[in-house]
Amino acid sequence: MLLSKLLRTQSMLKKVPAAGPIPSDHQLLKETLRIAWPSMLESFLVALVGMIDTIMVSELGTAAIAAVGLTTQPKFIGLAVFLSLNVAVSALVARRRGEDSPDKARRVLVQSILITLGLTAVVSVLAVSFADPILRLAGTAEDTHDDAVAYFRIIMGGMVFNTLSMVINAAQRGAGNTKIAMKTNIVSNGVNICFNYLLIGGNLGFPRLGVRGAAIATVIGTVAACAMSIRSVLRHDSFLNLRGRVKVSFDRETMRAIVNIGSSTLAEQLFLRIGFLTYSIIVAHLGTTAFAAHQVGMNIMSISFSFGDGLSVASVALVGRSLGEHRRDLARIYGGICQKVGIFFALVLSVIYLCFSQQIFLLFSDEKQILDYGTMIMRLLTVVVFLQISQVVFTGCLRGAGDARYTAFVSLVSVAFVRPFSGWLFCYPLNLGLFGAWLGLALDQLVRFLMTYFRFRKGKWVDLKI
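Residues numbered from 1 in each chain as written. Predicted model: local features only at pLDDT ≥ 70, side-chain atom pairs only at ≥ 80, totals over all residues. Heavy atoms only, no water.

**Some words on the overall build of the chain**
How we decide: Under the DSSP-based scheme used, a helix requires at least four consecutive residues in state H or I and a strand at least two consecutive residues in state E, with every element numbered from the N terminus. Type-normalised accessible area, obtained with a 1.4 Å probe on protein chains alone, sets the label of each residue: buried when under 20%, exposed when over 50%, and partly exposed for intermediate values. Note on contacts: a residue pair is in contact if any heavy atoms of the two residues lie within 4.5 Å. Accessible surface area values rest on a Shrake-Rupley calculation with a 1.4 Å probe, where residue burial reflects the displayed protein chains alone. In this charge count, Lys and Arg are treated as positive and Asp and Glu as negative; neither His nor the chain ends contribute. Where a charge sits is defined by one atom per residue type, namely NZ (Lys), CZ (Arg), CG (Asp) or CD (Glu).
Within the chain one finds 18 helices and zero strands. C-alpha extents for the chain along the principal axes are approximately 60 × 50 × 35 Å. Burial statistics for the chain: of 466 residues in total, 57% are counted as buried. When contacts within the chain are restricted to residue pairs at least 6 apart in sequence, long-range pairs at least 24 apart make up 82% of them. For the chain, the accessible surface area stands at approximately 19,400 Å², while carbon and sulfur atoms represent 64% of it. Measuring between centres, the 44 positive side-chain charges of the chain sit 10 Å from its 26 negative side-chain charges.

**Remarks on the pattern of salt bridges**
For clarity, the cut-off: Note on definitions: salt bridges are taken to be side-chain nitrogens of Lys or Arg within 4 Å of carboxyl oxygens of Asp or Glu.
A full pass over the atoms with the stated rule returns eleven salt bridges. Of the charged contacts, one joins aspartate 132 and arginine 136 as a salt bridge, the two residues approaching to 3.2 Å between their closest N and O atoms. Taken together, the residues aspartate 132 and arginine 136, both in helix 7 (residues 131-137) and four residues apart, mark about one turn of the helix. Linked through salt bridges whose partners overlap, the residues forming this network are Glu31, Arg34 and Arg321.

**Observations concerning the environment of leucine 135**
With respect to the secondary-structure elements, leucine 135 resides in helix 7. The sequence separation of leucine 135 and glutamine 73 amounts to 62 residues, and the corresponding C-alpha distance is 9.8 Å. Ignoring sequence-local partners within four residues, the contact set of leucine 135 consists of Leu70, Thr71, Thr140, His145, Ala148, Val149 and Phe152.

**Focus on the packing of aromatic side chains**
To keep it simple, the criterion reads: Any Phe, Tyr or Trp ring, taking Trp's six-membered ring, that has another such ring centre within 6.5 Å forms a pair; planes under 30 degrees apart are called stacked, those over 60 apart edge-to-face, and the others tilted.
Taken as a whole, this structure holds ten aromatic pairs when the rule is applied. Plain terms: the ring middles of phenylalanine 307 and phenylalanine 345 are 5.0 Å apart, the flat faces sit at 20 degrees to each other, and that makes the pair stacked. Note that phenylalanine 307 is positioned in helix 13 (residues 288-324) and phenylalanine 345 in helix 14 (residues 328-355), a separation of 38 residues in sequence. Taking relative accessible area as the criterion, phenylalanine 345 reaches 22% and is therefore assigned partly exposed. An angle of 35 degrees between the planes, with centres 6.1 Å apart, marks the rings of phenylalanine 421 and tryptophan 424 as tilted.

**Notes on unusual backbone geometry**
A positive phi is found at leucine 204, a non-glycine position, where the angle reads about 55 degrees. Judged by relative accessible area, which is 69%, leucine 204 ranks as exposed. With phi around 65 degrees, histidine 326 is a residue other than glycine that occupies positive phi space. By the secondary structure assignment, histidine 326 is in the loop between helix 13 and helix 14.

**So, helix 12 (residues 252-284)**
Residues spaced three or four apart along an α-helix face the same direction, because each turn holds 3.6 residues. So the rule is basically this: Expected span of a helix: the number of residues minus one, times 1.5 Å. Here the bend at a residue means the angle between the axes of two seven-residue stretches, the one that ends at it and the one that starts at it.
The end-to-end C-alpha distance of helix 12, which contains 33 residues, comes to 45 Å, matching closely the 48 Å that a straight helix rising 1.5 Å per residue would cover. At glycine 262, helix 12 shows its strongest bend, of approximately 25 degrees.

**Regarding the nonpolar core**
Side chains that are nonpolar tend, in soluble globular proteins, to be buried together. Rules: Only buried residues count toward a nonpolar core. Its members are Ala, Val, Leu, Ile, Met, Phe, Trp, Tyr and Cys residues joined through side-chain atoms within 4.5 Å.
Membership of the largest hydrophobic core comes to 55 residues, with the highest contact counts inside it found for Ile300, Tyr353, Phe361, Leu381, Leu434 and Trp438. The set of elements that each furnish at least two residues to this core consists of helix 3 (25-57), helix 4 (62-70), helix 12, helix 13, helix 14, helix 15 (357-362), helix 16 (368-400) and helix 18 (433-458). If you tally residues by element for this core, the top one is helix 13, at twelve residues. Counting 27 residues, the second largest nonpolar core, distinct from the first, contains Ala91, Val108, Ala170 and Ala171.

**Here's the deal with the side chain of threonine 120**
Tracing the backbone shows threonine 120 in helix 6 (residues 102-129). Setting aside residues up to four positions removed in sequence, threonine 120 forms contacts with Phe82, Met159, Val160 and Thr163.

**A look at a nonpolar patch on the surface**
Defined as follows: Patches draw on residues past 30% relative accessible area with no salt bridge. Two like charges within 9 Å are joined, as are two nonpolar side chains (Val, Leu, Ile, Met, Phe, Trp, Tyr) within 5 Å.
A surface patch of nonpolar side chains, amounting to about 360 Å² of accessible area, comprises Phe344, Val348, Ile352 and Phe356. Here phenylalanine 356 falls in the partly exposed class, since its relative accessible area comes to 44%.

**Topic: the packing of helix 5 (residues 72-98) against helix 6**
Between two packed helices, the angle of one axis relative to the other and the distance separating the axes together describe the packing. Short version of the rule: Throughout, an axis means a line fitted to C-alpha atoms (over the contacting stretch in the case of helices), and angles, computed between N-to-C directions, take values from 0 to 180 degrees. Angle categories are assigned with fixed cut-offs, so that under 35 degrees is roughly parallel, over 145 is roughly antiparallel, 65 to 115 is roughly perpendicular, and the rest are oblique. Gly is placed with the polar residues, together with every amino acid not listed as nonpolar (Ala, Val, Leu, Ile, Met, Phe, Trp, Tyr, Cys and Pro) or charged (Asp, Glu, Lys and Arg).
Two elements in contact, helix 5 and helix 6, have axes separated by 10 Å at closest approach and are oriented at 180 degrees. Taken together, the axes of helix 5 and helix 6 are roughly antiparallel relative to one another. Contact residues: Gly78, Val81, Phe82, Leu85, Val89, Leu92, Val93 and Arg96 in helix 5; Lys104, Ala105, Val108, Ser112, Ile115, Thr116, Leu119, Thr120 and Val123 in helix 6. Within the contact of helix 5 with helix 6, the residues separate by chemical class into eleven nonpolar, four polar and two charged.

**Considerations on the confidence of the model for the chain**
Threshold: pLDDT measures the predictor's confidence residue by residue and takes values from 0 up to 100.
Summarising the model, the chain shows a mean pLDDT of 84, and 95% of its residues fall at 70 or more. Across the chain, helix 18 holds the top mean pLDDT of 93, while helix 1 (residues 2-7) sits lowest at 51.

**Observations regarding the side chain of asparagine 185**
Position of asparagine 185 among the secondary structure elements: in helix 10 (residues 178-199). Overall, the relative accessible area of 15% leaves asparagine 185 in the buried class. Excluding residues that lie within four positions of it along the chain, asparagine 185 makes contacts with Glu42, Val46, Asn169 and Arg173.

**Thoughts on the environment of isoleucine 352**
Positionally, isoleucine 352 belongs in helix 14. Using a relative accessible area of 35% as the deciding quantity, one classes isoleucine 352 as partly exposed. Here the alpha-carbon distance between isoleucine 352 and threonine 382, two residues 30 residues apart in the chain, equals 8.5 Å. The contacts of isoleucine 352, once residues within four sequence positions are left out, are Ser357 and Ile360.

**A look at the environment of leucine 380**
Mapped onto the secondary structure, leucine 380 falls in helix 16. For the pair leucine 380 and threonine 288, spaced 92 residues apart in the sequence, the C-alpha separation amounts to 21 Å. Beyond its immediate sequence surroundings of up to four residues, leucine 380 is in contact with Phe435, Trp438 and Leu439.

Pasting the structure below:
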């Protein structure tokens, strides 16, 4: 009875009529969590390892934290095309799973792998060759530039293992095999941490490589993940089994579907990354200490994002599968359940951020100025976390339905314009410094939440064909 009151699945249908028997609330929640928990854990571990990376690099000083942080947005701009491709792969494989078409799902994966390998070669060469001007544009200073360039070149030079693993894991998530992606990331993160210990500080006879050691450790971790991802599609019992004779070619139907979703998602990713980079440059001009505190805050914020991201992955799989089965009713219900689970995690995280703000920042630095910044950031995060998780889940539902053009429009409005402009306005003309930058971030999250919430509530996304 309590579960029914909390979920209120019938109210989630709105104007969408039931197209068949609706499972019990317990069954619906169980299926949602079955898909979601591996993705949430995977995303959480990735964010946690990012935090651990920063903590381990922090022994090299504030400038080292800032140097690694300054590579984040250029790196994600380089990965934008792959992240957009992976969204398309997940949505298409989920839809083919609902249609019970394993051959079409395999064609999506094979052609996506071919595209990934070709694009990786181009992006990797360009990133390594132009690392110096790219990082200067990103806002590096004299005390951060050399380390940032070295870190960026190593990461982007070895990105093929990462991009290949990403596209395979995206397909597995779409098929509902979220545990596979979780396991690969657990191993990858474990390897990364071990080699961080060995290479950053030069322990157990290994050379002390500092920031370069952190980059090498990350690449070694992706090698392990890539090997496991490849192995997952060579199993006979896999829905995406590539063992045996596989047709390595492109076909018009599959490419049209990939381009249809991927092009819109690429536009979304580019808007996201350009907005984030512009915002990062604005913050970088506040100085190394302020940017280091900001980078710590972004690492902590990535923890809350990880829960929303995991639920977003689940919503892509569940919504895509339900629409493939012609169950628009279940697509709405699963989207609503993912949203309610997200609110629960947001509440828990908000309490943790409020009660343990200084203790969390002390893991990274004991500088008084950074700790003062940290108190301000954590107070804002107690509110932002609700907006962040909710909008990420709504975005996942829309992507799972193939409504990628609208999510691209949201990114254009909110991330490419609202965040950098409001961040600059609060930061400099209104002279609010780092507090102003984080107010701009909060405003961005609010705009994205409102735009995705009203789109989800309207319900037209359940009628899209992909």
